[in-house]
Amino acid sequence: MLKIAIDAMGGDFGPEPIIEGLVAALKKNNNFTAIAVGKKDELLPLIPQIFLSRIEILDTDDVISMSDSATDALKRKESTIYKAIELVREGNADAVVSAGHSGASMSLATLRIGRIKGVNRPAIATLMPTSENQNTLVLDVGANVDSDAKNLFEFAIMGQIYAQYVLRLDEPIVGLLSNGEEDSKGNEVTKEAYKLLSKIPNFAGNVEGSDIFKGTVDVVVCDGFVGNILLKTAEGVADTIGKIIKKNLKRSLISIAGAVLMRKVFKNLKVRVDYAEYGGAPLLGVKAPVIIAHGKSNPKAIQNAIFQAINAASSNLDTIIEQRLAKYSNNQEIN
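Residues numbered from 1 in each chain as written. Predicted model: local features only at pLDDT ≥ 70, side-chain atom pairs only at ≥ 80, totals over all residues. Heavy atoms only, no water.

(A) Here's a closer look at the side chain of Thr190. Tracing the backbone shows Thr190 in helix α6 (residues 188-197). With a relative accessible area of 12%, Thr190 lands in the buried category. The residues contacting Thr190, other than those within four sequence positions of it, are Leu176, Leu177, Ser178 and Lys185. (Helix = DSSP H or I, 4+ residues; strand = E, 2+ residues; numbered from the N terminus. Buried < 20%, exposed > 50% of the residue type's maximum accessible area, 1.4 Å probe, protein only. Contact = heavy atoms within 4.5 Å.)

(B) Fine view of the pairing of strand β8 (residues 203-207). Within β8, four of the five residues are buried, leaving the element largely enclosed by the surrounding structure. Where strand β7 (residues 174-177) lies against β8, three bridges are found, and the strand directions are parallel. By the bridge assignment for β8, Leu176 is matched with Asn206. Following the chain from β7 across α6 to the adjacent parallel β8, one finds a crossover that is right-handed. (Pairing = 2+ DSSP bridges. Right-handed = clockwise from strand over helix to strand, strands pointing away.)

(C) Region of the structure containing the packing of aromatic side chains. Evaluation of the coordinates by the stated rule reveals one aromatic pair. When the centroid spacing of 5.4 Å and the interplanar angle of 70° are considered together, the rings of Tyr194 and Phe203 count as edge-to-face. The class for Phe203 is buried, based on a relative accessible area of 17%. Directly above the ring of Phe32 sits Arg54, whose terminal nitrogen or CZ lies 5.8 Å from the centroid. (Phe/Tyr/Trp six-rings, centres within 6.5 Å; stacked < 30°, edge-to-face > 60°. Lys NZ or Arg CZ within 6 Å of the ring centre and 35° of its normal.)

(D) Focus on helix α10 (residues 299-313). Compared with the 21 Å implied by 1.5 Å per residue over 15 residues, the 21 Å span of α10 between its first and last C-alpha is a close match. All of the buried residues in α10 are Ala301, Ile302, Gln303, Asn304, Ala305, Ile306, Gln308, Ala309, Ile310 and Ala312. (Expected span 1.5 Å × (residues − 1).)

(E) View of the pairing of strand β4 (residues 95-98). Along β4, one buried face is formed by Ala95 and Val97 and the opposite face, lined by Val96 and Ser98, is buried too. As judged from the four bridges shared by strand β1 (residues 2-7) and β4, these two strands associate in the parallel manner. Residue Ala5 lies in a different strand from β4, and its bridge partner there is Val96. Here three bridges tie β4 to strand β11 (residues 290-293), and the two strands are oriented parallel to one another.

(F) Quick look at the sheet that holds β11. Overall, mixed pairing links the eleven strands, which are arranged β3-β2-β1-β4-β11-β10-β5-β6-β9-β7-β8 in an open sheet. The open sheet has two edge strands, β3 (55-59) and β8, and neither has a second partner. Geometrically, the sheet is characterised by an average inter-axis angle of 25° between neighbouring strands, direction not taken into account. In the packing of α6 onto the sheet, contacts are made with β7 and β8, and the angle to β7 comes to roughly 165°. (Axes fitted to C-alpha atoms, helices over the stretch in contact; angles between N-to-C directions.)

(G) Highlighting the nonpolar core. Of all hydrophobic cores here, the largest spans 37 residues; its most connected members are Val138, Leu283 and Val290. Ranked by residue count, the leading element in this core is helix α3 (residues 80-89), at six residues. By size, the runner-up hydrophobic cluster in this structure holds 34 residues, among which are Val119, Leu176, Leu284 and Ile321. (Core = buried A, V, L, I, M, F, W, Y, C linked by side-chain atoms within 4.5 Å.)

(H) Main features of a nonpolar patch on the surface. Among the surface-exposed residues, Val145, Phe225, Val226 and Ile229 lie close enough to one another that they form a single nonpolar patch of about 360 Å² accessible area. Mapped onto the elements of the fold, Phe225 is located in helix α8 (residues 224-248). With a relative accessible area of 48%, Phe225 lands in the partly exposed category. (Patch = residues over 30% accessible without salt bridge, like charges linked within 9 Å, V, L, I, M, F, W, Y side chains within 5 Å. Areas by Shrake-Rupley, 256 points an atom, 1.4 Å probe, with all protein chains shown as cover. Salt bridge = Lys/Arg side-chain N within 4 Å of Asp/Glu carboxyl O.)

(I) Region of the structure containing the packing of α3 against helix α4 (residues 102-113). The interhelical angle for the contact between α3 and α4, taken along N-to-C directions, is 30°, at an axis separation of 10 Å. With respect to α4, the element α3 is oriented roughly parallel. Between α3 and α4 lies a crossing whose hand is right-handed. Along its contact with α3, which presents Ile81, Tyr82, Ile85, Glu86, Val88 and Arg89, the element α4 presents Ala104, Ser105, Leu108, Ala109, Arg112 and Ile113. Residue composition of the contact of α3 with α4, grouped by class: eight nonpolar, one polar and three charged. (Parallel < 35°, antiparallel > 145°, perpendicular 65-115°, else oblique. Left-handed = near helix turned anticlockwise from the far one by under 90°. Nonpolar A, V, L, I, M, F, W, Y, C, P; charged D, E, K, R; others polar.)

(J) Local environment of the environment of Pro282. Tracing the chain through its elements places Pro282 in strand β10 (residues 280-284). Residues Pro282 and Ile124, 158 residues apart in the sequence, show an inter-C-alpha distance of 5.8 Å. Beyond its immediate sequence surroundings of up to four residues, Pro282 is in contact with Ala123, Ile124, Ala125, Tyr162, Val290, Ile291 and Gln308.

(K) Layout of the pattern of salt bridges. Inspection of every chain in the model, using the stated rule, returns seven salt bridges. Of the charged contacts, one joins Asp62 and Arg76 as a salt bridge, the two residues approaching to 2.7 Å between their closest N and O atoms. In this pair, Asp62 sits in the loop between β3 and α3 while Arg76 sits in the loop between β3 and α3, placing the two residues 14 residues apart along the sequence. The class for Arg76 is partly exposed, based on a relative accessible area of 22%. A single network of salt bridges, built from pairs that share partners, joins Asp62, Asp68 and Arg76.

(L) Geometry of the packing of helix α1 (residues 15-28) against α10. Closest axis-to-axis distance for the α1/α10 pair is 7 Å, and the angle between their directions is 50°. Relative to α10, the element α1 lies oblique. The element α1 and its partner α10 pack so that their crossing is right-handed. Each of Pro17, Ile18, Glu20, Gly21, Leu22, Ala24, Ala25 and Lys28 in α1 lies in contact with α10, whose residues at this interface are Pro299, Ile302, Gln303, Ile306 and Phe307. Taken together, the residues of the contact of α1 with α10 sort by class into nine nonpolar, two polar and two charged.

Structural data, given as structure tokens:
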């Protein structure tokens, strides 16, 4: 049975939504147990008696806040995220979920759990909604502000494998984010990356930003600087569109009738763009699943982050990524 380590204190709203989301996940899935890392006197009252046999509490009271430096995480060995990561490193848990300091989570996971052989830099992946009934996996969205062509090649392999084995997509198509579809477009890094990615099965070539939301490809690769700007821009646009719609709905019989008819449409749209539907962003490239949830995660987001961790832990991703990287790196003679 899988065991998931939970940083129970890391979110913006304290342990309540995290434990509520954990309990919701336990209700729906009987095939895992959890270790909640945090202040026992705060966590215990939040756990229903019936679930105490499936939730172990690892007591610690140090929490790395969002204002703390990620570099301090290695020194604070009693912190919740450090202890959660150590549970995975020592083989006492199969995956970790945290809504806390993302920089601390990334640093500790990379240094304590370790990178998969062949991976130079882990990447954060996230799902973006499309106009089709699907999503686009985008990576990197923040782990690396500077990436070279080899890094982008690794991101492509890892993203394709995650899409295939966790998202259950058949033969995922990969695109390289650029400023035009032609292979001559892009900067020196993306042009070099294009050459490396061209030998990967189902590589569709360059894609533009609009293709992400059209669902043209299943996986889009970019460096973390560009990817993070893309992510924040998309979140801002979705929020602004919602506000514009609300502001411009006039109080008339026609608009009220239209609003009633469109309610279901808007509800479906909200589901598509709501991060809670996906739960969190996987850190790909480390030896065990690490899911980084949003700091403002509600119980639904935590529940789905846990489900994502379970799916990843059940998929033997590290071995598949190592084998695939070795195969294509040797074929392409990457230096």
